[in-house]
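What follows is the residue order along each chain.
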Amino acid sequence: METLWFCLVAVALAAYVVLDGFDLGAGIIHLGVARNDEERKQVLAAIGPYWDGNEVWLLAAGGTLFMAFPSLYSSAFSGFYLPLMMVLWLLMLRGIAIEFRGHIDSPVWKPLWDVVFTGASALLAIFFGAALGNVVRGVSLNAKGEFFLPLWTNFGVKGEVGILDWYTITVGLLAYVTLTQHGALWVAWKTQGEVQRRSRRVARIAWWTVVALTILTTAMTLNIQPQVGANLRLHLWGSIFPIISVVSLVGTWIFLRRSQDLRAFLCSCGFIAGMLASAALGLYPYVLPSSGDPSLGLTIERTAAGPYGLRMGLMWWIPGVLLAAGYFVFLYRHFGVARFSPPRDEA
Amino acid sequence: MLSLPFPYIATTAGWITAEVGRQPWLIYGLMRTDQGASMNVSAGNALFSLIGFMGMYTLLSVLFLFLVGREIAHGPEAE
């Protein structure tokens, strides 16, 4: 039952990254691919109907985590208190920027919110990547399973660690380029004209950085967290996830070259899902390893809620998620393959 | 028009009643508020985030009043 919930939390988190990932990615490329107001409106229209609903999956993942692994939630959200507050503020700023931008027709107002939109999206991508890096690397837990991380200590990965070290920064950069590619592919699918052309170029360049950083991060992870290598050797079937990632990444390139934007985007989704599933597999049964003594790490057994709670939760979670998923299917089909074209006088 | 502030007052008053009225309990009869506070988050951190939120909300309120004021001054769209 605990393992099932571990997988469900991973699924909810992966859904968030795949969905809000392209909103963040669109934000990252916003200033670059859109040079005038009409083009900026195109990019915002590309994520317009979706971004608010996509963001809610973060709450779904957090809520699922709270319900299934309450001690992990309490330990982690206290230990990562300040970065979490900053993530919260960045999410607020991203939403405000999108919503406020259109209200005043002013050469000061609109670029200001464009910059806030791009800045917040970029920082969120880096923060989320660094957060994942922190979880995989482990934190300095005490005997009670608590911790509080400073922003950095000595940038090393053992013992007394900080939120930023060379590993978590690298993972943050990997998240940044992955979401840039992801967002660029979505924007390329949803737009036409100059914005589409520039997005495809960004996606092409981003792809190479994704490959390079994936190789680097994988090597680092196997080096730093012995649990990951051990799990892969133990559960050989689990290597399906890294294989899905690699195949998807290759597929992204192939479809990008053929300008088949939707297929390239779906391959990017597969890449992200495969990467996160690999991380989850590598972490199991730890939910938060220790950077010092391994026996202090938080496992699913130590942190899971009681069996009654987990059973009841399942009875609510499944219909709830099915309802949400049904709505999402409706939403994406409803706005379908609408492409947002440049204004008529430019055509 | 004079009734404009009343919904805001009502909602805020309701929340203040609920949150102040529950003290000193976090979970009535089971857990007190000071027992629920995390031991790992120092007072300085909590103050930082409190000031941060106050700043964010002040900014948002000012922007809100500015934008809504503009809309009201603009008046209704012509039919």
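Below you will find a few notes about this structure. This is a predicted model, so every value here is computed, not measured. (Residues numbered from 1 in each chain as written. Chains lettered and ligands numbered in written order. Predicted model: local features only at pLDDT ≥ 70, side-chain atom pairs only at ≥ 80, totals over all residues. Heavy atoms only, no water.)

**With respect to the overall build of chain A**
- Regarding its fold elements, chain A presents 13 helices and 2 strands.
- Over its C-alpha trace chain A gives a radius of gyration of 20 Å, about what one expects of a compact globule, namely 20 Å for 347 residues.
- The C-alpha extent of chain A, read off along each of the three principal axes, is 65 × 40 × 40 Å.
- Buried residues in chain A amount to 52% of all 347 residues.
- A separation of at least 24 residues holds for 77% of the contacts in chain A among residues at least 6 apart in sequence.
- On chain A, roughly 15,600 Å² of surface is accessible, and the fraction owed to carbon and sulfur atoms is 71%.
- Taking the 24 positively charged and 20 negatively charged side chains of chain A as two groups, their mean positions are separated by 8 Å. (Helix = DSSP H or I, 4+ residues; strand = E, 2+ residues; numbered from the N terminus. Rg over C-alpha atoms; globule rule 2.2 N^0.38 Å. Buried < 20%, exposed > 50% of the residue type's maximum accessible area, 1.4 Å probe, protein only. Contact = heavy atoms within 4.5 Å. Areas by Shrake-Rupley, 256 points an atom, 1.4 Å probe, with all protein chains shown as cover. Lys, Arg positive; Asp, Glu negative; His and termini not counted. Charge placed at Lys NZ, Arg CZ, Asp CG, Glu CD.)

**Thoughts on helix H6 (residues 109–137) of chain A**
- The end-to-end C-alpha distance of H6 of chain A, which contains 29 residues, comes to 42 Å, matching closely the 42 Å that a straight helix rising 1.5 Å per residue would cover.
- At the exit of H6 of chain A stands Gly 138 of chain A, carrying a positive phi of roughly 100°. (Expected span 1.5 Å × (residues − 1).)

**Some points on the interface of chain A and chain B**
- Across the boundary between the two partners, chain A contributes 17 residues, which contact 16 residues of chain B.
- Together, the buried faces of chain A and chain B total about 1,700 Å²; carbon and sulfur atoms form 78% of this surface.
- The largest share of the area that chain A buries against chain B comes from Tyr 81, Trp 89 and Met 92 of chain A, three residues that together contribute 30% of it.
- Joining chain A to chain B, the criterion identifies 0 salt bridges. (Buried area = accessible area lost by both parts, 1.4 Å probe. Salt bridge = Lys/Arg side-chain N within 4 Å of Asp/Glu carboxyl O.)

**Structural notes on the side chain of Ser 290 of chain A**
All names here are of chain A.
- Of note, Ser 290 is situated in the loop between strand E1 (286–288) and strand E2 (298–299).
- The class of Ser 290 is buried, set by a relative accessible area of 11%.
- A polar atom in the side chain of Ser 290 sits 3.1 Å from the backbone oxygen of Asp 293.
- Those residues in contact with Ser 290, other than ones at most four positions away along the chain, are Gly 138, Val 139, Leu 141, Leu 296 and Gly 297. (Polar contact = N/O pair within 3.5 Å; in protein donor to acceptor, adjacent residues only side chain to side chain.)

**Description of the state of the cysteines**
- Taken as a whole and judged by the stated rule, the model has 0 disulfides over all chains.
- Of the cysteine sulfurs around Cys 267 of chain A, a residue in no disulfide, the closest is that of Cys 269 of chain A, at 8.9 Å. (Disulfide = S-S within 2.5 Å.)

**Some details on the nonpolar core**
- Grouped together as the largest cluster of nonpolar side chains are 59 residues, with contacts concentrated most on Val 43, Ile 47, Phe 100, Trp 109, Trp 113 and Trp 186 of chain A.
- When residues of this core are assigned to their parent elements, the largest contribution, 9 residues, is made by helix H1 (residues 2–33) of chain A.
- The contacts of Phe 100 of chain A, once residues within four sequence positions are left out, are Trp 109 and Trp 113 of chain A together with Leu 60, Leu 63 and Leu 67 of chain B.
- By size, the runner-up hydrophobic cluster in this structure holds 26 residues, among which are Phe 6, Leu 65, Ile 163 and Leu 310 of chain A. (Core = buried A, V, L, I, M, F, W, Y, C linked by side-chain atoms within 4.5 Å.)

**Details of the packing of helix H5 (residues 81–100) of chain A against helix H3 (residues 43–74) of chain B**
- At their nearest, the axes of H5 of chain A and H3 of chain B sit 10 Å apart, and the two run at 5° to each other. By the angle between their directions, the pair H5 of chain A and H3 of chain B is classed as roughly parallel. The segment H5 of chain A lies against H3 of chain B, with Tyr 81, Leu 82, Met 85, Leu 88, Trp 89, Met 92, Leu 93, Ile 96 and Phe 100 of chain A engaging Asn 45, Ala 46, Phe 48, Ser 49, Gly 52, Phe 53, Met 56, Tyr 57, Leu 60, Leu 63 and Leu 67 of chain B.
- Its residues assigned to classes, the contact of H5 of chain A with H3 of chain B comprises 17 nonpolar, 3 polar and no charged. (Axes fitted to C-alpha atoms, helices over the stretch in contact; angles between N-to-C directions. Parallel < 35°, antiparallel > 145°, perpendicular 65-115°, else oblique. Nonpolar A, V, L, I, M, F, W, Y, C, P; charged D, E, K, R; others polar.)

**Things to note about the packing of aromatic side chains**
All names here are of chain A.
- As enumerated under the stated definition, the model contains 32 aromatic pairs over all chains in all.
- When the ring of Phe 22 is compared with that of Phe 265, the centres are 5.6 Å apart and the planes differ by 75°; the resulting orientation is edge-to-face. In this pair, Phe 22 sits in helix H1 while Phe 265 sits in helix H11 (residues 261–283), placing the two residues 243 residues apart along the sequence. Across the pair, Phe 265 and Phe 22 agree in class, each one buried.
- Plain terms: the ring middles of Tyr 327 and Phe 330 are 6.5 Å apart, the flat faces sit at 45° to each other, and that makes the pair tilted. A residue pair is termed a helical-turn pair when its members lie 3 or 4 positions apart in one helix, as Tyr 327 and Phe 330 do in helix H13 (residues 307–334) at 3 residues.
- For Tyr 327, a relative accessible area of 45% translates into the label partly exposed. (Phe/Tyr/Trp six-rings, centres within 6.5 Å; stacked < 30°, edge-to-face > 60°.)

**Section: the environment of Gly 79 of chain A**
All names here are of chain A.
- In this fold, Gly 79 is placed in helix H4 (residues 70–79).
- Through-space distance from the C-alpha of Gly 79 to that of Val 139 is 8.9 Å; in sequence the pair is 60 residues apart.
- If near-sequence neighbours (up to four positions away) are discounted, Gly 79 is found in contact with Phe 147, Phe 148 and Leu 149.

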